[in-house]
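# Understanding the architecture of this molecule
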Amino acid sequence: MYTQGLDQTEPLGEDDLSRLSERFESKVAAEQKVEPTDWMPDAYRTLLTRQIAQHAHSEIVGMLPEGNWLSRAPSLRRKGILLAKVQDEAGHGLYLYSAAETLGVTRDELVEQLLAGTAKYSSIFNYPTLQWADVGAIGWLVDGAAIMNQVPLCRCSYGPYARAMVRICREESFHQRQGFEVMTVLAQGSPAQRAMAQDALDRWWWPSLMMFGPPDAESTHNDRSMRWKVKRFTNDELRQKFVDMTVPQAHYLGLTIPDPDLSYDGEYWRFGEPDWAEFKRVLTGDGPCNRERLAARNKAHDDGAWVREAAVAHADKKRARAVAS
Ligand code: BYC
């Protein structure tokens, strides 16, 4: 059982536990933030460590599909923007690994799990970026879905995660805008450019809807996560909000959402069922790019070994100099 602060070693009695648990529940109910040194139930710590780690891994693996187009961006301006965006994702990963570390895991442990293929990251990043419009579709749809999911996380009950999300969401808004602008230029361009934009929408639409997770009836963590105010909306609620926001944007672009069941009921856009069998295949490692993504992360980690060694050597030298003076 984790104790009040990470340094407490005395085992807690039943009475202590129920008092601490009551205090924790009322703090969450009162919308106060839980901080790293507060007592928290094991299950809360586990739930958050899992979600924040998966989120951090998603940001890091999420650099790969777009990184694929850095050397082939159609202009210097597009390249500069894409470079900045991909670097932002690395930063998001780092804020999130730091937030996870406040729960008692180390970044090294988490990275090891990612590299070994035992950790989850968002299903969306196991799809390929086949042509330039995919970069636009990722910004518009994937970052759009990310914002829909992540703005409520700014109100998450765990302080370090909530605070990291404020900064991340500001940057994600810029990412979404740049993606929509890429799509606008293509959609208003030549017939070939419009066809590229439509092709990207056709391939990224359904995987974007899957980003919100399984249907509520099949979500394992929804109930607990909602009760502890980690999640503020269920998977299905956020998916619906995303569709309602995005369909009018597609209409503005003159593009067609690839869903024959899409219809407006006067309040909401009703939509078809994503292919949940495909979602499960991607989650179990059998998506179009799962193996490629893991291989690329492992290679990047191995190639970066000298940087980590140099950083440690530099820190050792600085420490030795400080001791000597
Ligand atoms: N992909 O009980 P559920 C970005 C897993 S980064 C893979 O509903 P929960 C960006 C889920 O983990 C975007 N796995 O779970 C970066 C659980 O598995 P375990 C990433 C998924 O946690 C770079 C199981 O399915 N965003 O935007 O209550 C460039 C049952 O699900 C997925 C975040 O991580 C999925 N799509 O709800 C551009 C946001 N969905 O752990 C853009 C933070 C579900 O039991 N995370 N699973 O083995 C969340 O908000 C929630 O974790 C989720 C899932 C809504 C994703």
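Cut-offs and rules
Residues numbered from 1 in each chain as written. Predicted model: local features only at pLDDT ≥ 70, side-chain atom pairs only at ≥ 80, totals over all residues. Heavy atoms only, no water. Helix = DSSP H or I, 4+ residues; strand = E, 2+ residues; numbered from the N terminus. Buried < 20%, exposed > 50% of the residue type's maximum accessible area, 1.4 Å probe, protein only. Expected span 1.5 Å × (residues − 1). Arc of directions from axis to C-beta. Contact = heavy atoms within 4.5 Å. 1 Å grid on protein atoms, 1.4 Å probe; cavity = no way out; pocket = protein on both sides within 12 Å on 5 of 7 lines; lining within 4 Å. Points joined across faces, edges and corners; volume = space filled by probe spheres on them. Nonpolar A, V, L, I, M, F, W, Y, C, P; charged D, E, K, R; others polar.

## Concerning unusual backbone geometry
One non-glycine residue, Glu 31, adopts positive backbone phi at about 65°. One can find Glu 31 in the loop between helix H1 (14-29) and helix H2 (42-61). Take Glu 31: its relative accessible area is 42%, and that puts it in the partly exposed class.

## Thoughts on H1
Over its 16 residues, H1 runs 22 Å from end to end, which matches the ideal 22 Å to within 8%, given 1.5 Å per residue. Burial in H1 covers these residues: Leu 20, Phe 24 and Val 28. Axial view of H1: buried residues confined to an arc of 70°, hence all on one face. In H1, the exposed positions that point more than 90 degrees away from the buried face belong to Glu 14, Asp 15, Glu 22 and Ala 29. The inward-facing, buried residues of H1 abut H2 and helix H9 (222-227). Glu 31, located one to two residues past H1, shows a positive phi value of around 65°.

## Thoughts on the layout of surface pockets
The gaps of empty space that remain are located by a probe, the size of a water molecule, rolled over the atoms. Estimated volume of the largest pocket: approximately 1100 Å³. Arg 50, Gln 54, Met 211, Phe 212 and Gly 213 are the residues nearest the centre of the largest pocket, which is lined by 44 residues in total. Of the residues forming the lining of the largest pocket, the biggest block, seven residues, is contributed by helix H6 (residues 133-150). Computed from the structure, the second largest pocket encloses a volume of approximately 640 Å³. Together, 18 residues line the second largest pocket, and Arg 107, Val 111, Arg 297, His 301 and Arg 308 are the ones closest to its centre. Contributing elements (two or more residues each) for the lining of the second largest pocket: helix H3 (63-67), helix H4 (76-101), helix H5 (107-116), helix H12 (290-303) and helix H13 (305-324). In terms of residue count, the dominant contributor to the lining of the second largest pocket is H5 (six residues). Split into classes, the residues belonging to the lining of the second largest pocket amount to 11 nonpolar, two polar and five charged.

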